[in-house]
Amino acid sequence: MNAAKFIWMNGKYVPWAEAQIHVLSHTLHYGNGVIEGTKAYKTERGYAIFRLNEHTKRLKESAKMTLIDIPFTVEEMNEAQIDLVRKNEFTGDNVYIRPFAFLGYGVMGLYHKDAPVETVMAAWEWGAYLGEEGLRRGIRLKIASMTRPANTSNMGKAKASANYLNSQMAKFEAIESGYDEALLLDDQGYVAEASGACFFMVRDGQLISPPNDNSLESITQKTVIEMAKKMGYEVVRRRITREEIYVADEAFLTGTAAEITPVREVDARIIGKGERGPVTEKIQSSYFDIVFGRDPDYDHYLTYI
Ligand code: PPE
């Protein structure tokens, strides 16, 4: 990864190499931690963080869901992220911000109430999540053999570290099988989400994305829905089964890191013409216009540094 200069830990700036923790930190053993993934883009007016407040609010909400009491307000954490991007003196187009909270050292055993809560904001330069070529040509997606955990046994709407074991296993299986990314179904067999992004398909000019019944409430998905409607597309939220995807005209993934990544193949079925489709291309280029500050209609989503 690309190291940066400073990491914000519990209100103080620490040099990158010194941002360390004890090996007996609670979260390292039992997995209860919460993360965010937020992006700052280099616009013509300097760096701007995309939908900062929504991301920070989601971190607070994830923590509430998993019973972690973050001792900072959303406003304080927003300020910390703005300051962090400034302090690190980045130069590239893409900066990824990873705010997170975890349980530190001092308590063993599952009951975590007395474990200290550590709050951290890190940021580094991170380019195309699924590759530059993936953004241009599209990626190959594999439906994972594991499903997302059912809502009766997990909290998929928390961006909780623990949820990423499932994502990791699915992603590994996809890559090992020669694909780029995994798509997970829910326990009923309907599309839930990709290992680290949400799913859209285009059929007969209509954009279809599953409801967030068993997925993160994705901020990029919400942005794409708003954009697509403004662009005149019909957007439908409904359940999707795997065979429908196989005959879709186009498909793409959305996420802070994945941005708008076209899907050109799913489980050995070529999607559309096997390249980035025309609707996907329009959505993708409009998204980049928004995050890079080229679309005044969405300026309210940008926090300039
Ligand atoms: N689902 C999952 C499971 C997920 O991890 C992400 C983001 C999304 C949907 C899309 O959410 P949003 O970013 O709000 O549109 N995944 C983050 C982590 C990626 C990583 O590998 O780390 C991200 O994109 O930042």
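Residues numbered from 1 in each chain as written. Predicted model: local features only at pLDDT ≥ 70, side-chain atom pairs only at ≥ 80, totals over all residues. Heavy atoms only, no water.

(A) Local environment of the side chain of Ser218. With respect to the element layout, Ser218 can be found in the loop between strand 12 (206-209) and helix 6 (219-230). Residue Ser218 is classed as buried on the basis of its relative accessible area, which comes to 9%. A polar atom in the side chain of Ser218 sits 2.9 Å from the backbone nitrogen of Gln221. Excluding its chain neighbours within four sequence positions, the residues that come into contact with Ser218 are Arg58, Cys198, Asn212 and Thr254. (Helix = DSSP H or I, 4+ residues; strand = E, 2+ residues; numbered from the N terminus. Buried < 20%, exposed > 50% of the residue type's maximum accessible area, 1.4 Å probe, protein only. Polar contact = N/O pair within 3.5 Å; in protein donor to acceptor, adjacent residues only side chain to side chain. Contact = heavy atoms within 4.5 Å.)

(B) Just the domain arrangement of the protein, in detail. Taken domain by domain, the protein comprises domain 1 (6-125) and domain 2 (132-291). Each of domain 1 and domain 2 was reduced to a C-alpha centroid, and the two centroids are 26 Å apart. Counting residues at the interface gives 20 residues for domain 1 and 21 residues for domain 2. Carbon and sulfur atoms make up 62% of the surface buried where domain 1 meets domain 2, a total of about 1700 Å² over both sides. Summed over the shared surface of domain 1 and domain 2, the number is 1 salt bridge. One salt bridge connects Lys39 with Glu259, and the closest N-O pair in it is separated by 3.0 Å. (Domains from an automatic or database assignment. Buried area = accessible area lost by both parts, 1.4 Å probe. Salt bridge = Lys/Arg side-chain N within 4 Å of Asp/Glu carboxyl O.)

(C) Fine view of helix 5 (residues 164-176). End to end, helix 5 covers 18 Å across 13 residues, agreeing with the expected 18 Å (1.5 Å per residue, within 8%). Restricting attention to buried positions, one finds in helix 5 the residues Asn166, Ser167, Ala170, Glu173 and Ala174. Looking down the long axis of helix 5, one finds its buried residues gathered within 130° of arc, a one-sided arrangement. Summarising the geometry of helix 5, the exposed residues directed more than 90 degrees from the buried face are Leu165, Gln168, Phe172 and Glu176. Elements that come into contact with the buried residues of helix 5 comprise strand 8 (139-143) and strand 9 (181-185). Taken from the residues just after helix 5, Gly178 is the one with a positive phi, measuring 90°. (Expected span 1.5 Å × (residues − 1). Arc of directions from axis to C-beta.)

(D) Structural detail: the packing of aromatic side chains. Counted by the stated rule, this structure contains 13 aromatic pairs. Ring geometry for Phe50 against Tyr287: centres 5.9 Å apart, planes inclined by 85°, an arrangement best described as edge-to-face. You can see Phe50 sitting in strand 5 (residues 46-50) and its partner Tyr287 sitting in helix 8 (residues 278-291), a full 237 residues away along the chain. Neither Phe50 nor Tyr287 differs from the other in exposure class; each is buried. An aromatic cluster of at least three residues, connected via ring pairs, comprises Tyr41, Phe50, Tyr287, Phe288, Phe292, Tyr298 and Tyr301. For Lys87, the ring lying beneath its charged end belongs to Tyr13, and the centroid distance is 4.6 Å. In this structure, Lys171 packs its charged tip against the face of Tyr129, placed 5.5 Å from the ring centre. (Phe/Tyr/Trp six-rings, centres within 6.5 Å; stacked < 30°, edge-to-face > 60°. Lys NZ or Arg CZ within 6 Å of the ring centre and 35° of its normal.)

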